[in-house]
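# Tertiary structure, described
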Amino acid sequence: MSERILGIDPGTGICGFGVIEGQKAIDFGVIATPPHTPLTERLEDIYNSLHELIDQNRPNVMAIEKLFFKQNITTGISVAEARGVCLLVAKQRNLAIFEYAPNQIKKAICGYGQAHKPQIQEMVRAHLGLATVPKPDDAADALAVAIVHSFIAPRAPDSA
């Protein structure tokens, strides 16, 4: 039996998600929180929405993008808080948790750690056999995280 993987591209305003099993997309999209809403309410929306997604899709693994930011520390902090909520939900729901750096995801998907979004989106589309590139970008990014996990996750000796 293959793993059902929930990929997460964390964010406070838009949190991308993608669920795959084998080479098939089961579900993908975003959890969008209203702008100008207090951060605590946005985090609660993400928390509740993730619980609903897990109930609907029954993943057994969460693969989540590690935080990386260069300049805007304020945005980085809020993304870190959203990421923390995602990790909390995964732990509460007994999902195995795996974390991947952005350049690790790009390299595994495209063969190049500095790949650009359109390249990643096209590789996600091709890998999953989708007719079009998944939209919005955050959903494609979340699917990429899930795909990367399916590529490099630890395997039991009898399943290799």
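Predicted, not measured: the structure shown is a model, and the values here were computed from it.

Further remarks concern the sheet that holds strand β4 (residues 61–65). What the five strands build is an open sheet, ordered β3-β2-β1-β4-β5; its pairing is mixed. Each having just a single partner strand, β3 (24–32) and β5 (96–100) make up the two edges of the open sheet. The sheet shows a mean angle of 20 degrees between the axes of neighbouring strands, taken without regard to direction. Across five bridges, the pairing between β4 and β5 is parallel. Looking at β5, one finds that Ala-63 is bridged to Phe-98. Contacts between helix α1 (residues 39–57) and the sheet are confined to β1 (4–9), β2 (14–21) and β3, with β3 contributing the most and set at about 165 degrees to the helix. Those strands touched by helix α3 (residues 102–110) are β4 and β5, and its axis lies near 85 degrees from that of β5.

Taken as a whole, this structure holds five salt bridges when the rule is applied. Two residues, Glu-21 and Arg-4, come together in a salt bridge whose shortest N-O distance is 2.7 Å. With Glu-21 in strand β2 and Arg-4 in strand β1, this pair connects stretches of sequence that are 17 residues apart. A relative accessible area of 22% places Arg-4 in the partly exposed class.

Reading guide: rules and limits
Residues numbered from 1 in each chain as written. Predicted model: local features only at pLDDT ≥ 70, side-chain atom pairs only at ≥ 80, totals over all residues. Heavy atoms only, no water. Pairing = 2+ DSSP bridges. Helix = DSSP H or I, 4+ residues; strand = E, 2+ residues; numbered from the N terminus. Axes fitted to C-alpha atoms, helices over the stretch in contact; angles between N-to-C directions. Contact = heavy atoms within 4.5 Å. Salt bridge = Lys/Arg side-chain N within 4 Å of Asp/Glu carboxyl O. Buried < 20%, exposed > 50% of the residue type's maximum accessible area, 1.4 Å probe, protein only.

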